[in-house]
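Spelled out from the first residue to the last, the chains are:
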Amino acid sequence: LKLLNSTIKEGENIFQIEIKDKNGNIPSDINITLLATRPDTTKFDKKVKPVLKNGVFVAKVVLDKPGRWNIIIRAKTKQSQKFQLYKLSTLKNGLQ
């Protein structure tokens, strides 16, 4: 489970998520959600279900506030579930 984006910006962002099983395949029963949330409030939360395009899961999210965002990805199959947290900022120096 890997977020391919290393930066974000205020406004529209296209998140790309790569997930493969131990054999290098995309699990057929995978269910993925992406949550963009502020570290200090849930008021601006954005929760989306990425869609599979060309071997990568893609989600469009509009981040309507500058500053720090937590990007939380949940991947679930019949056998397992995994969460991955990414702490990103729309600001160049990462501060709010």
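That block above? That's the structure.
Residues numbered from 1 in each chain as written. Predicted model: local features only at pLDDT ≥ 70, side-chain atom pairs only at ≥ 80, totals over all residues. Heavy atoms only, no water.

1. Side note on the pairing of strand β3 (residues 31-37)
Moving on, step 1. Where burial is concerned, most of β3 is hidden: 5 out of the 7 residues are buried.
Moving on, step 2. Examined bridge by bridge, β3 and strand β7 (residues 68-76) share 7 bridges and lie antiparallel to one another. Bridge pairing in β7 links Thr 33 to Arg 74.
Moving on, step 3. Pairing analysis gives 3 bridges linking β3 to strand β4 (residues 46-48), with the strands arranged antiparallel. Each residue of the ladder has a partner; that of Leu 34, found in β4, is Val 48. (Buried < 20%, exposed > 50% of the residue type's maximum accessible area, 1.4 Å probe, protein only. Helix = DSSP H or I, 4+ residues; strand = E, 2+ residues; numbered from the N terminus. Pairing = 2+ DSSP bridges.)

2. What about the nonpolar core?
Moving on, step 1. Of all hydrophobic cores here, the largest spans 18 residues; its most connected members are Leu 3, Phe 15, Ile 17, Ile 32, Leu 34, Ile 71 and Ile 73.
Moving on, step 2. When contributions to this core are tallied by element, the ones reaching two or more residues are β2 (11-18), β3, β6 (56-63), β7 and β8 (81-89).
Moving on, step 3. In terms of residue count, the dominant contributor to this core is β7 (4 residues).
Moving on, step 4. Among all residues touching Ile 73, those that are not within four sequence positions of it are Leu 1, Leu 3, Ile 17, Ile 32, Thr 33, Leu 34, Lys 82, Phe 83, Gln 84 and Tyr 86. (Core = buried A, V, L, I, M, F, W, Y, C linked by side-chain atoms within 4.5 Å. Contact = heavy atoms within 4.5 Å.)

3. Considerations on the packing of aromatic side chains
Moving on, step 1. Inspection of every chain in the model, using the stated rule, returns 0 aromatic pairs.
Moving on, step 2. Over the face of the ring belonging to Trp 69 we find Arg 38, whose NZ or CZ atom lies 5.2 Å from the ring centre. (Phe/Tyr/Trp six-rings, centres within 6.5 Å; stacked < 30°, edge-to-face > 60°. Lys NZ or Arg CZ within 6 Å of the ring centre and 35° of its normal.)

4. Focus on the sheet that holds strand β1 (residues 2-3)
Moving on, step 1. Taken in spatial order, the 4 strands line up as β1-β2-β6-β5 in an open sheet, and their pairing is antiparallel. Two strands lie at the open edges of the sheet, namely β1 and β5 (51-53), each paired on one side alone.
Moving on, step 2. Both β5 and β6 contribute to a ladder of 3 bridges, which runs antiparallel. For Lys 53, the partnering residue across the bridge sits in β6 and is Val 56.

5. Considering the pattern of salt bridges
Moving on, step 1. Counted under the stated rule, the structure contains 2 salt bridges.
Moving on, step 2. In this structure, Lys 46 and Asp 64 form a salt bridge, with 3.2 Å as the shortest nitrogen-oxygen distance. Residue Lys 46 is located in strand β4, and its partner Asp 64 is located in the loop between β6 and β7; the two are separated by 18 residues in the primary sequence. (Salt bridge = Lys/Arg side-chain N within 4 Å of Asp/Glu carboxyl O.)

6. Looking at the sheet that holds β3
Moving on, step 1. Taken in spatial order, the 4 strands of this open sheet run β4-β3-β7-β8, and their pairing is antiparallel. The open sheet has two edge strands with one neighbour each: β4 and β8. Between one strand and the next, the sheet's axes are offset by a mean angle of 15°, whatever the strand orientation. (Axes fitted to C-alpha atoms, helices over the stretch in contact; angles between N-to-C directions.)

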